[in-house]
Amino acid sequence: MLTKINKIIMFTGVKTLNQFINQRQEDFPFATGDLSSLLSDIGTAAKIVHREVNKAGLLNILGSADQTNVQGENVQKLDIYANKQLIAALKGGLECCAIASEENDDFVQINNLESSKPKYVVNFDPLDGSSNIDVNASIGTIFGIYRRISDVNGPGTREDCLQKGHNQVAAGYIIYGSSTMMVYTTGNGVNGFTLDPSIGEFCLSHSNITIPDNGKIYSINEGNYADFSEGVKQFLNYLQTDARQDIGNFSSRYIGTLVADFHRNLLKGGIFIYPNTKKAPKGKLRLLYENNPMAFIIEQAGGKATDGHGVDILDIQPTELHQRTPLFIGSKSLVILAEKFIKKYDS
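Computed from a predicted structure; not experimentally measured.

Asker: Hey, could you go over unusual backbone geometry for me, with residue numbers and the actual values?
Answerer: With glycine set apart, most residues show a phi of negative sign, and most peptide bonds adopt trans. Positive phi outside glycine occurs at Asn208, with the angle close to 50°. One can find Asn208 in the loop between β10 (201–206) and β11 (217–219). Classification of Asn208 as exposed rests on a relative accessible area of 53%.

Asker: Break down the packing of helix α3 (residues 34–54) against helix α4 (residues 77–92) for me, with residues and values.
Answerer: At a minimum axis distance of 9 Å, the contact between α3 and α4 shows a crossing angle of 155°. Here α3 is positioned roughly antiparallel relative to α4, judged by the angle of their axes. By crossing handedness, the relation of α3 to α4 is classed as right-handed. Judged by residue contacts, Leu38, Asp41, Ile42, Ala45, Ile48, Val49, Arg51, Glu52 and Val53 of α3 engage Leu78, Tyr81, Ala82, Gln85, Leu86, Ala89 and Leu90 from α4. Looking at the contact of α3 with α4 residue by residue, the classes come out as twelve nonpolar, one polar and three charged.

Asker: Got a sec to walk through the sheet that holds strand β3 (residues 96–101)? Specific residues and values, please.
Answerer: With respect to topology, eight strands assemble into an open sheet ordered β4-β3-β5-β6-β7-β8-β9-β10, the strand pairing being mixed. Of all the strands in the sheet, just β4 (108–109) and β10 have a single pairing partner and so form its edges. As judged from the six bridges shared by strand β7 (residues 168–176) and strand β8 (residues 180–185), these two strands associate in the antiparallel manner. Directly across from Tyr176, in β8, lies its bridge partner Thr180. Those strands touched by α3 are β3, β5 (120–128), β6 (139–147), β7, β8, β9 (190–196) and β10, and its axis lies near 15° from that of β7. Packed onto the sheet, α4 meets β3, β4, β5 and β6 and runs at close to 160° relative to β5.

Asker: Give me the lowdown on the nonpolar core, citing residues and values where you can.
Answerer: Residues Ile99, Val122, Phe143 and Ile145 are the most contacted members of the largest nonpolar core, which totals 38 residues. Per-element accounting of this core gives the leading share, eight residues, to α3. Setting aside its immediate chain neighbours within four residues, Ile145 contacts Leu35, Leu38, Leu39, Ile42, Tyr120, Val121, Val122, Gln168, Val169 and Ala170. Grouped together as the second largest cluster of nonpolar side chains are 30 residues, Leu258, Ala295, Leu327 and Ile329 included.

Asker: Give me helix α10 (residues 332–345): which residues, what numbers.
Answerer: Along an α-helix, a turn takes 3.6 residues, which lines up residues three or four apart on a common side. Look at α10: 20 Å from first C-alpha to last across 14 residues, which is about the 20 Å you get at 1.5 Å a residue. If you check which residues of α10 are buried, you get Leu334, Val335, Leu337, Ala338, Glu339, Phe341 and Ile342. In this structure, the buried residues of α10 make contact with β11, α6 (230–240), β13 (271–274), β14 (304–306) and β15 (327–330).

Asker: Quick one: what's the story with the sheet that holds β11, residue by residue and with numbers?
Answerer: Read from one edge to the other, the open sheet built from five strands follows the order β12-β11-β13-β15-β14, with strand pairing classed as mixed. At either margin of the open sheet sits one strand with a lone partner, and together these are β12 (251–252) and β14. With two bridges connecting them, β11 and β13 associate as parallel partners. Bridge pairing in β13 places Ser219 opposite Phe272. Along the sheet, helix α8 (residues 258–268) makes contact with β11, β13 and β15, crossing β11 at roughly 165°. The strands touched by helix α9 (residues 287–300) are β14 and β15; relative to β15, the strand with the most contacts, the crossing angle is about 30°.

Asker: Can you explain the environment of Glu299? Please cite residues and give values.
Answerer: Relative to the elements of secondary structure, Glu299 occurs in helix α9. Considering only alpha carbons, one finds Glu299 and Val190, 109 residues apart in sequence, at a separation of 9.5 Å. Other than its neighbours up to four places away in sequence, Glu299 contacts His166, Ala305, Asp312 and Leu314.

Asker: Explain the pattern of salt bridges residue by residue, including any values.
Answerer: Tallying each qualifying case throughout the model produces nine salt bridges. A salt bridge links Lys119 to Asp34, with the nearest nitrogen and oxygen atoms 3.0 Å apart. Here Lys119 is found in the loop between β4 and β5, whereas its partner Asp34 is found in helix α3, with 85 residues between them in sequence. We note a salt bridge from Glu52 to Arg51, for which the minimum N-O separation is 2.9 Å.

Asker: Run through the pairing of β10, naming residues and quoting values.
Answerer: The pairing of β9 with β10 spans five bridges and is classified as antiparallel. Bridged to Leu195 within β10 is Phe202. The hairpin formed by β9 and β10 contains four residues between the paired strands, and Gly200 there has a positive phi angle of roughly 70°.

Asker: Now, about the environment of Phe107: what can you tell me, with residues and values included?
Answerer: In this fold, Phe107 is placed in the loop between β3 and β4. On the basis of relative accessible area, Phe107 is assigned to the buried category, the value being 15%. For the pair Phe107 and Asp160, spaced 53 residues apart in sequence, the C-alpha to C-alpha distance is 9.8 Å. Other than its neighbours up to four places away in sequence, Phe107 contacts Ala98, Ile99, Ala100, Gly156, Thr157, Arg158, Cys161 and Leu321.

What counts, and at which threshold
- Residues numbered from 1 in each chain as written.
- Predicted model: local features only at pLDDT ≥ 70, side-chain atom pairs only at ≥ 80, totals over all residues.
- Heavy atoms only, no water.
- Helix = DSSP H or I, 4+ residues; strand = E, 2+ residues; numbered from the N terminus.
- Buried < 20%, exposed > 50% of the residue type's maximum accessible area, 1.4 Å probe, protein only.
- Axes fitted to C-alpha atoms, helices over the stretch in contact; angles between N-to-C directions.
- Parallel < 35°, antiparallel > 145°, perpendicular 65-115°, else oblique.
- Left-handed = near helix turned anticlockwise from the far one by under 90°.
- Contact = heavy atoms within 4.5 Å.
- Nonpolar A, V, L, I, M, F, W, Y, C, P; charged D, E, K, R; others polar.
- Pairing = 2+ DSSP bridges.
- Core = buried A, V, L, I, M, F, W, Y, C linked by side-chain atoms within 4.5 Å.
- Expected span 1.5 Å × (residues − 1).
- Salt bridge = Lys/Arg side-chain N within 4 Å of Asp/Glu carboxyl O.

As structure tokens, this is what we get:
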């Protein structure tokens with residue numbers, strides 16, 4: 001018997017996240033259904049976090065938890081909640097042998113007695129943009145999924161988590177904004193799903209997303225201008241002045257949540273920059289939890305992601321769980337142009 005929700009979906013012709021995942025299983029190099037279940041588990045956790053984000057102002061989960069994470073950053077109460085929900089969802093499934101979170105000092109082994117040979121590893125940032133929580137600005141969740149490289153008959157290892165971004169079999173993010181969206185790729189294009197609260201389902205809303213190659217938006221924290229290298233400064237000066245005659249007028253847009261800035265630029269075209277600075281010589285964003293997943297998505301959408309110095313983000317071999325790198329990501333032509341300025345002025 002069809003449920004009421006299934007009848008609504010059939011009548012409207014809407015395709016849900018789970019339907020889409022199941023139909024696209026043949027895209028996966030190792031299509032056994034495990035990756036489909038894993039993506040569904042993440043979608044379920046996202047719905048729970050969405051619910052709490054929407055009522056955060058009415059509950060005692062706003063503000064700081066009076067804790068710091070391994071990076072020395074203040075931890076928000078909603079950070080802790082989202083982290084627990086994602087870990088619980090991944091532990092509850094049978095597909096994961098290890099997970100690594102931005103909020104945890106070390107990786108977490110998953111010993112599920114019901115699953116003898118879990119095949120996957122998930123690295124994630126449970127709640128990107130924590131500093132925006134208290135002011136009701138957009139925040140998000142970012143994840144990257146890998147096939148394990150350790151023996152399937154043993155426990156997951158740290159090395160399973162420390163893989164190059166090119167090894168990802170899937171990556172995505174959830175943005176909690178005016179609507180909640182999940183955007184992901186399994187290496188065969190990028191698709192976006194918007195949560196319909198009336199039926200509690202993510203529904204396909206943005207199919208085969210590609211980033212415009214000549215966007216007119218740049219996103220960077222210009223409050224750090226004095227700490228930027230000369231190459232970054234010259235690139236920004238160019239976008240604000242001479243670019244008008246060469247490639248058109250640019251607009252500066254910066255929310256301070258990677259997911260939100262990335263999502264806007266993905267749809268409209270542009271470049272997001274978080275360079276290395278005097279205060280953060282290795283960059284600020286985490287390679288495993290932020291840069292690798294976003295780089296996989298942008299490349300699948302026709303864009304580019306580098307460290308600003310000619311190295312593709314997906315080519316970097318991680319050596320630490322909380323390793324940081326600079327990030328230049330967005331429309332391919334703009335990332336290449338930024339690197340030309342850096343090569344010229346920072347040599």
